[in-house]
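Next come the chains, spelled out residue by residue.
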Amino acid sequence: MSRQQQILAEIGIRPLWQLRNPAIVEALVEEAAAQPAPAQAASLEQPAPTPAAMPAPTAADVHPQETSQPAPPAVINISDWDDLHAQVAACQQCQLARTRSNTVVGRGNRQARLLIIGEAPGEQEDLQGLPFVGKAGHLLENMLAAAGFDSARDVYICNLLKCRPPGNRNPAQDEIVKCQRFLQWQIESVDPELIVAVGRFAAQSLLQSTASLGNLRGKQHQYGRYPVLVSFHPAYLLRSPGEKAKAWQDWCRVRQLLQK
Ligand code: URA
């Protein structure tokens, strides 16, 4: 059994993302390495978004009644990981506190070189208190394993929001703003070499952009001092398996950047 198959067997999931020919991984990584460095996003011509100025997604996704909420102070005021977990668990800053079963802070290695940021907990995450443990999480695990990453050792995974939006609706702007200091603290504490934002909400919010995911993919962005790549949300890939080949290119790029 290959190492990848062992990993998948270990985590007890069906290989949704099955690598049929391991030589392809190496070929793709070599091909990616031979290409010129990824284009720097246009946004780099302006100052990169900083942790103190985390953005919000497009107006179309904002709940109108919530747009007038004041932004919270940019003071982070979290002393350590235990304090982060305690503050998130006690948080009543937005309406999601009323409907959540559990808060979802993050999982993985708090000193990882790779930080993955998703959107918000779904049903399984809300029940288990951990990010990406449902179907989308299984696909993410498979993609990471196929790209040579051990999710417990090599990666820290978290979300923009720490509580589940009811019915998995899109995050509202005030929810993103009120949750942002938790994510900022996580980014600065993990201090990764690379951030991967999966999905439009994570990408647009982190990069203060209204560009489409298609536009943000394939470029290297910057969030403060952190390089950022953007890829598809695994839930989208489950609905649109034809896009998996592009996602695979993204993960090869991630691997290539971290191999340097
Ligand atoms: N989707 C996300 O963006 N995050 C999760 O934790 C689960 C599903």
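Calculation rules
Residues numbered from 1 in each chain as written. Predicted model: local features only at pLDDT ≥ 70, side-chain atom pairs only at ≥ 80, totals over all residues. Heavy atoms only, no water. Helix = DSSP H or I, 4+ residues; strand = E, 2+ residues; numbered from the N terminus. Buried < 20%, exposed > 50% of the residue type's maximum accessible area, 1.4 Å probe, protein only. Contact = heavy atoms within 4.5 Å. Areas by Shrake-Rupley, 256 points an atom, 1.4 Å probe, with all protein chains shown as cover. Near = heavy atom within 4 Å. Polar contact = N/O pair within 3.5 Å; in protein donor to acceptor, adjacent residues only side chain to side chain. Nonpolar A, V, L, I, M, F, W, Y, C, P; charged D, E, K, R; others polar. Phe/Tyr/Trp six-rings, centres within 6.5 Å; stacked < 30°, edge-to-face > 60°. Pairing = 2+ DSSP bridges.

So, about the overall build of the chain. Each helix and strand in the chain was counted, giving 11 helices and seven strands. In the chain, which comprises 260 residues, the share counted as buried stands at 53%. Here the analysis covers contacts within the chain between residues at least 6 apart in sequence; of these, 79% occur between residues at least 24 apart. As presented, the chain carries roughly 12,100 Å² of accessible surface, and 49% of it is formed by carbon and sulfur atoms.

The next thing to look at is the site of the ligand. In the neighbourhood of the ligand, the contacting residues comprise Gly118, Glu119, Ala120, Glu125, Pro131, Phe132, Asn159 and His233. In this structure, an oxygen atom belonging to the ligand sits 2.7 Å away from a side-chain N or O atom of histidine 233. Here the ligand, which alone exposes 240 Å², has 92% of that area covered by the protein. Class assignment for the residues of the shell around the ligand results in three nonpolar, three polar and two charged.

Another point: helix α8 (residues 200-207). Residues lying three or four places apart along an α-helix face the same way, a consequence of the helix completing one turn every 3.6 residues. Burial of α8 is extensive: seven of the eight residues sit out of reach of the surface. For α8, every residue scored as buried is listed here: Phe201, Ala202, Ala203, Gln204, Ser205, Leu206 and Leu207. Against β3 (114-118), α7 (173-190), β5 (194-198), α9 (213-216), β6 (219-223) and β7 (226-231) lie the buried residues of α8. Backbone geometry just downstream of α8 places glutamine 208 in the positive-phi region, at approximately 50°.

Our next topic: the packing of aromatic side chains. Scanning the entire structure with this criterion turns up three aromatic pairs. Measuring from ring centre to ring centre gives 4.9 Å for tryptophan 81 and tryptophan 185, while their planes differ by 80°; the resulting arrangement is edge-to-face. Residue tryptophan 81 is found in helix α3 (residues 81-90), and its partner tryptophan 185 is found in helix α7; the two are separated by 104 residues along the sequence. Like tryptophan 185, tryptophan 81 is buried. When the centroid spacing of 5.4 Å and the interplanar angle of 20° are considered together, the rings of phenylalanine 232 and tyrosine 236 count as stacked. Residue class for tyrosine 236 comes out partly exposed when judged on its relative accessible area of 28%. Within the aromatic cluster, the residues linked to one another by ring pairs are Trp81, Tyr156 and Trp185.

Relative to the helices and strands, glutamine 186 is located in helix α7. Discounting residues that sit within four places of it in the chain, glutamine 186 has contacts with Trp81, Leu84, Val105, Gly106, Tyr156, Cys158, Lys162 and Asp191.

What follows concerns the pairing of β7. Within β7, six of the six residues are buried, which leaves the element mostly enclosed by the surrounding structure. Side chains Tyr226, Val228 and Val230 project from β7 onto one buried face, and the interleaved Pro227, Leu229 and Ser231 project onto a second face that is buried too. Direction of pairing for β5 relative to β7: parallel, over a ladder of four bridges. Each residue of the ladder has a partner; that of isoleucine 195, found in β7, is valine 228. Bridge count between β6 and β7: three bridges; the pairing is antiparallel. Pairing of tyrosine 223 across the sheet is with tyrosine 226, part of β7.

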